[in-house]
Amino acid sequence: MESNLEELRFKEVISVTDGSRFGYVGDLNIDLDTGRILSLVVPGQRRYFFGLLGSREIRLVPWEQIKRFGPDVVLVEGKPISRERPRRHSWGRGTGA
């Protein structure tokens, strides 16, 4: 089975251990030196102003925890690693340029 990132974004990440639903794939972390996929990125729940501003939390699912890709789900073993989403840099702001 082949898939691209656009198709992965429609797949829900579910634990085979306890059936927990973690959300949908949002992105991938890739080691650019080796080309190896390190983890799936699952955005956290939207919380501010009825979800309009998004969430600062992301969940990382290490590649080793992925057990199977199905037509509409990704089955994983264990729990994802919760992290705060890194802030994006505002280029040119506050530099006087």
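First, a word on scope: everything that follows refers to the structure included in this document. (Residues numbered from 1 in each chain as written. Predicted model: local features only at pLDDT ≥ 70, side-chain atom pairs only at ≥ 80, totals over all residues. Heavy atoms only, no water.)

## Some words on the overall build of the chain
- What the chain contains, in helices and strands, is one helix and eight strands.
- Along the chain, helices (α) and strands (β) appear in the sequence α-β-β-β-β-β-β-β-β when read from the amino end.
- By the burial criterion, 31% of the 97 residues in the chain qualify as buried.
- Of the contacts made within the chain by residues no fewer than 6 positions apart, 37% connect residues no fewer than 24 positions apart. (Helix = DSSP H or I, 4+ residues; strand = E, 2+ residues; numbered from the N terminus. Buried < 20%, exposed > 50% of the residue type's maximum accessible area, 1.4 Å probe, protein only. Contact = heavy atoms within 4.5 Å.)

## Notes on the nonpolar core
- Among the nonpolar cores identified, the biggest contains eleven residues, and these are Leu8, Val13, Phe22, Val25, Leu28, Leu40, Val42, Val61, Ile66, Val74 and Val76.
- Ignoring any residue separated from it by four or fewer positions in sequence, one finds isoleucine 66 in contact with Leu40, Val61, Val74, Leu75 and Val76. (Core = buried A, V, L, I, M, F, W, Y, C linked by side-chain atoms within 4.5 Å.)

## Comments concerning the pairing of strand S1 (residues 12–15)
- The side-chain alternation of S1 yields two buried faces, one formed by Glu12 and Ile14 and the other by Val13 and Ser15.
- Of the pairings in the sheet, the one linking S1 to strand S2 (residues 21–24) comprises three bridges and is antiparallel in character. Directly across from valine 13, in S2, lies its bridge partner glycine 23.
- Between the antiparallel neighbours S1 and S2 lie five residues, among them glycine 19 with a positive phi of about 80°.
- Pairing of S1 with strand S7 (residues 73–76) involves four bridges; the strand directions are parallel. Residue pairing in the sheet places glutamate 12 in a bridge with valine 73 of S7. (Pairing = 2+ DSSP bridges.)

## Focus on the sheet that holds strand S6 (residues 66–69)
- The four strands are arranged S2-S1-S7-S6 in an open sheet whose pairing can be described as mixed. Strand pairing shows two members of the sheet lacking a second neighbour, S2 and S6, which therefore form its edges. Averaged over all pairs of adjacent strands, the angle between strand axes in this sheet comes to 20°, irrespective of strand direction.
- With three bridges joining them, S6 and S7 adopt antiparallel strand pairing. Paired with isoleucine 66 across the strands is valine 76, a residue of S7. (Axes fitted to C-alpha atoms, helices over the stretch in contact; angles between N-to-C directions.)

## Regarding the sheet that holds strand S4 (residues 36–43)
- Spatial ordering of the open sheet is given by S3-S4-S5-S8, a layout of four strands whose pairing is antiparallel. The sheet terminates laterally at strand S3 (27–31) and strand S8 (81–84), the two strands that pair on one side only. Averaged over all pairs of adjacent strands, the angle between their axes in this sheet comes to 35°, without regard to strand direction.
- For S4 and strand S5 (residues 57–62), the ladder comprises five bridges, and the chain directions are antiparallel. Bridge pairing in S5 links proline 43 to isoleucine 58.

## Quick look at the pattern of salt bridges
- Counting across every chain of the model gives four salt bridges.
- Note that arginine 36 and glutamate 64 form a salt bridge whose closest N and O atoms lie 2.7 Å from each other. Of this pair, arginine 36 sits in strand S4 while glutamate 64 sits in the loop between S5 and S6, and the two are 28 residues apart along the sequence.
- For arginine 36, a relative accessible area of 42% corresponds to the partly exposed category. (Salt bridge = Lys/Arg side-chain N within 4 Å of Asp/Glu carboxyl O.)

The values reported here are purely geometric and, on their own, carry no functional implication.
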